[in-house]
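Understanding the architecture of this molecule
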Amino acid sequence: VRMCSYAELVADGPQRPKWFVSHWWGESVMEFLMCLEQHSQDRQLSEDDPYWVCAYANNQWDLKCDVFEDPSQSSFRRAMDLSEGTISVLDREAVCYSRIWCCYEVWVSTTQLS
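Residues numbered from 1 in each chain as written. Predicted model: local features only at pLDDT ≥ 70, side-chain atom pairs only at ≥ 80, totals over all residues. Heavy atoms only, no water.

Thoughts on the packing of helix 4 (residues 75-82) against helix 5 (residues 100-112)
Relative orientation of the contacting elements helix 4 and helix 5 amounts to 30°, with a least axis distance of 11 Å. As the angle between them shows, helix 4 and helix 5 are arranged roughly parallel. Crossing geometry of helix 4 relative to helix 5 is assigned as right-handed. Between helix 4 and helix 5, the residues in contact are Phe 76, Arg 77 and Met 80 and Trp 101, Tyr 104, Glu 105, Val 108, Ser 109 and Gln 112, respectively. (Axes fitted to C-alpha atoms, helices over the stretch in contact; angles between N-to-C directions. Helix = DSSP H or I, 4+ residues; strand = E, 2+ residues; numbered from the N terminus. Parallel < 35°, antiparallel > 145°, perpendicular 65-115°, else oblique. Left-handed = near helix turned anticlockwise from the far one by under 90°. Contact = heavy atoms within 4.5 Å.)

The following block contains the structure:
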């Protein structure tokens, strides 16, 4: 068993994220994918334009390398800094905005990044 992230397992090499995906894991996978597909169509992205999704980008075997007490040091923040922008996946009940990480990601994306 190779103990790495899913992205490391399937990608040909390192990928710079084009879009950071802010969401919570309570939305349906189908709605999550439909949102990203619509975003990709709206922005006329290619299949080679990578989205950064924590579950796939972070090494789930070793999260201490990705999540820190100071969120500005986390893999989430590093991915936001590298990305062209952030997409916030809004679920039907807007539960994502009751989650502190989602609020942090939106705050960073709208106030801290150029």
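Once you've had a look at it, read on.
A few points about the environment of Trp 101
Here Trp 101 lies in helix 5. Residue Trp 101 is classed as partly exposed on the basis of its relative accessible area, which comes to 31%. Linking Trp 101 and Asn 58, residues 43 residues apart in sequence, is a C-alpha distance of 15 Å. Setting aside chain neighbours within four positions, we find Trp 101 in contact with Pro 71, Ser 74 and Phe 76. (Buried < 20%, exposed > 50% of the residue type's maximum accessible area, 1.4 Å probe, protein only.)

Focus: the state of the cysteines
This model, assessed by the stated rule, comprises zero disulfides. Considering cysteine sulfurs only, Cys 102 is the nearest to Cys 54, which forms no disulfide, with 8.8 Å between them. Residue class for Cys 54 comes out buried when judged on its relative accessible area of 15%. Cys 96 takes part in no disulfide bond, and the closest cysteine sulfur to it belongs to Cys 102, at a distance of 5.6 Å. (Disulfide = S-S within 2.5 Å.)

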